[in-house]
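Next come the chains, spelled out residue by residue.
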Amino acid sequence: MEELAEKAGITVRTLRFYRERGLIQPPRREGRIAWYDDHHLARLRTITGLLERGHTLNGIADLATTFDSGRDVAEVLGLGEPTEEVPVRLTPEQLADYFGEEATAENLAAALDLGYLGTDGDAIVHISRRLLEVSAELVREGVPLSSVLSSGRLVREHAEALADLFVRTLVAHTAGTDSGQLRPLAHAVVDAELSMALDRRLRGEDAARGAADSGAGGGEDAGGTEGAAGTEQP
């Protein structure tokens with residue numbers, strides 16, 4: 001314990017406190033000897049880094065519990081399954097840099113449940129660099145991470161339905177064709193349809209906003225005219 005505390009740059013008293021709070025795993029015991037290893041040291045350095053970023057010990061304890069009970073990266077990614085996405089390995093400090101105060105235990109538990117995150121020893125693995133960066137950008141734009149994750153769950157449901165449609169169509173009509181050649185075609189169809197749907201929806205939102213602004217302006221003009229007319233009449 002003394003050696004671990006010295007390497008981590010903390011006091012033995014602090015280390016004991018972290019153990020009592022469940023922030024680090026118990027040591028491996030051989031008789032009366034308690035052995036700590038690099039995993040304990042990495043966790044202690046993570047705790048220090050998160051404290052320096054303004055996280056509270058209660059929040060860090062929740063995060064530790066979330067990740068210690070999280071899904072293994074092999075379970076999340078699916079061993080042997082083909083993918084075009086690039087997983088990203090992160091430390092808890094790096095994840096906090098992406099999402100700041102939004103990196104709460106509740107949000108990270110939701111991300112684990114959704115399958116965006118997995119654990120690999122002391123490392124966190126995000127299943128897709130593209131999804132990670134887009135999610136972080138949405139949070140920077142003011143969208144709560146909880147809303148990003150709930151929307152992601154709905155998007156996944158629709159994406160699964162689209163994938164099922166394409167696979168059934170391709171299997172029925174393109175026997176013997178390499179699936180790798182058909183993926184870009186499916187991507188192109190979905191991208192084009194989503195682009196046009198966004199155009200229609202955004203035009204509708206702009207039209208509705210313009211009508212609302214016009215109505216508000218008209219009300220003021222009408223009110224002003226009525227007031228003027230009222231002063232002219234006896």
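Thresholds, definitions, all that
- Residues numbered from 1 in each chain as written.
- Predicted model: local features only at pLDDT ≥ 70, side-chain atom pairs only at ≥ 80, totals over all residues.
- Heavy atoms only, no water.
- Helix = DSSP H or I, 4+ residues; strand = E, 2+ residues; numbered from the N terminus.
- Buried < 20%, exposed > 50% of the residue type's maximum accessible area, 1.4 Å probe, protein only.
- 1 Å grid on protein atoms, 1.4 Å probe; cavity = no way out; pocket = protein on both sides within 12 Å on 5 of 7 lines; lining within 4 Å.
- Points joined across faces, edges and corners; volume = space filled by probe spheres on them.
- Nonpolar A, V, L, I, M, F, W, Y, C, P; charged D, E, K, R; others polar.
- Pairing = 2+ DSSP bridges.
- Axes fitted to C-alpha atoms, helices over the stretch in contact; angles between N-to-C directions.
- Contact = heavy atoms within 4.5 Å.
- Phe/Tyr/Trp six-rings, centres within 6.5 Å; stacked < 30°, edge-to-face > 60°.
- Patch = residues over 30% accessible without salt bridge, like charges linked within 9 Å, V, L, I, M, F, W, Y side chains within 5 Å.
- Areas by Shrake-Rupley, 256 points an atom, 1.4 Å probe, with all protein chains shown as cover.
- Salt bridge = Lys/Arg side-chain N within 4 Å of Asp/Glu carboxyl O.

### Details of the environment of E2
(1) Moving on: By the element assignment, E2 lies in helix α1 (residues 2–8).
(2) Moving on: Of the residues examined, E2 reaches a relative accessible area of 52% and is grouped as exposed.
(3) Moving on: For the pair E2 and R13, spaced 11 residues apart in sequence, the C-alpha to C-alpha distance is 9.8 Å.

### What about empty space enclosed by the protein?
(1) Moving on: Applying the stated criterion to the full structure yields two cavities of 30 Å³ or more.
(2) Moving on: Each pocket or cavity is described by its volume, and for the largest cavity that value is around 90 Å³.
(3) Moving on: Lining the largest cavity we find L95, F99, N107, L108, A111, Y116, L117, H126, S135, L145 and L149.
(4) Moving on: Put simply, the parts of the chain that give the lining of the largest cavity at least two residues each are α6 (92–99), α7 (105–114) and α9 (145–173).
(5) Moving on: When residues of the lining of the largest cavity are assigned to their parent elements, the largest contribution, three residues, is made by α7.
(6) Moving on: Of the residues assigned to the lining of the largest cavity, the class counts are eight nonpolar, three polar and no charged.
(7) Moving on: In this structure, the second largest cavity spans a volume of roughly 60 Å³.

### A word on the sheet that holds strand β3 (residues 88–90)
Two pairing modes exist for strands in a sheet, parallel and antiparallel, and in both the strands are linked by backbone hydrogen bonds.
(1) Moving on: With respect to topology, three strands assemble into an open sheet ordered β3-β5-β4, the strand pairing being antiparallel. Where the open sheet ends on each side, the last strands, each with one partner, are β3 and β4 (117–120). Taking each pair of neighbouring strands and ignoring which way they run, the sheet shows an average axis angle of 35°.
(2) Moving on: When β4 meets strand β5 (residues 123–126), the two strands line up antiparallel, connected through four bridges. Among the inter-strand pairings, T119 is bridged to a residue of β5, identified as I124.
(3) Moving on: Contacts from α6 reach β3, β4 and β5 within the one sheet, and its direction differs from that of β3 by about 105°.

### A look at the packing of aromatic side chains
(1) Moving on: Scanning the entire structure with this criterion turns up two aromatic pairs.
(2) Moving on: For the ring pair F17 and Y18, a centre distance of 6.3 Å and an interplane angle of 50° mean the geometry is tilted.
(3) Moving on: With relative accessibility at 35%, the residue F17 sits in the partly exposed group.
(4) Moving on: Between Y98 and F99, the ring centres sit 6.2 Å apart and the planes meet at 40°, which makes this aromatic pair tilted.

### Remarks on a nonpolar patch on the surface
(1) Moving on: Taken together, L162, L165, V189 and V190 make up a surface patch of nonpolar side chains, about 290 Å² in accessible area.
(2) Moving on: Mapped onto the nonpolar patch, the elements with two or more residues apiece are α9 and α10 (179–232).
(3) Moving on: Position of V189 among the secondary structure elements: in helix α10.
(4) Moving on: Using a relative accessible area of 42% as the deciding quantity, one classes V189 as partly exposed.

### With respect to the side chain of H40
(1) Moving on: The residue H40 is located in helix α3 (residues 38–52) in this model.
(2) Moving on: Look at H40 and you get buried, because its relative accessible area is 8%.
(3) Moving on: Sequence-distant contacts of H40, that is, excluding residues within four places in its chain, are made with L4, I24, Q25, P26, P27 and W35.

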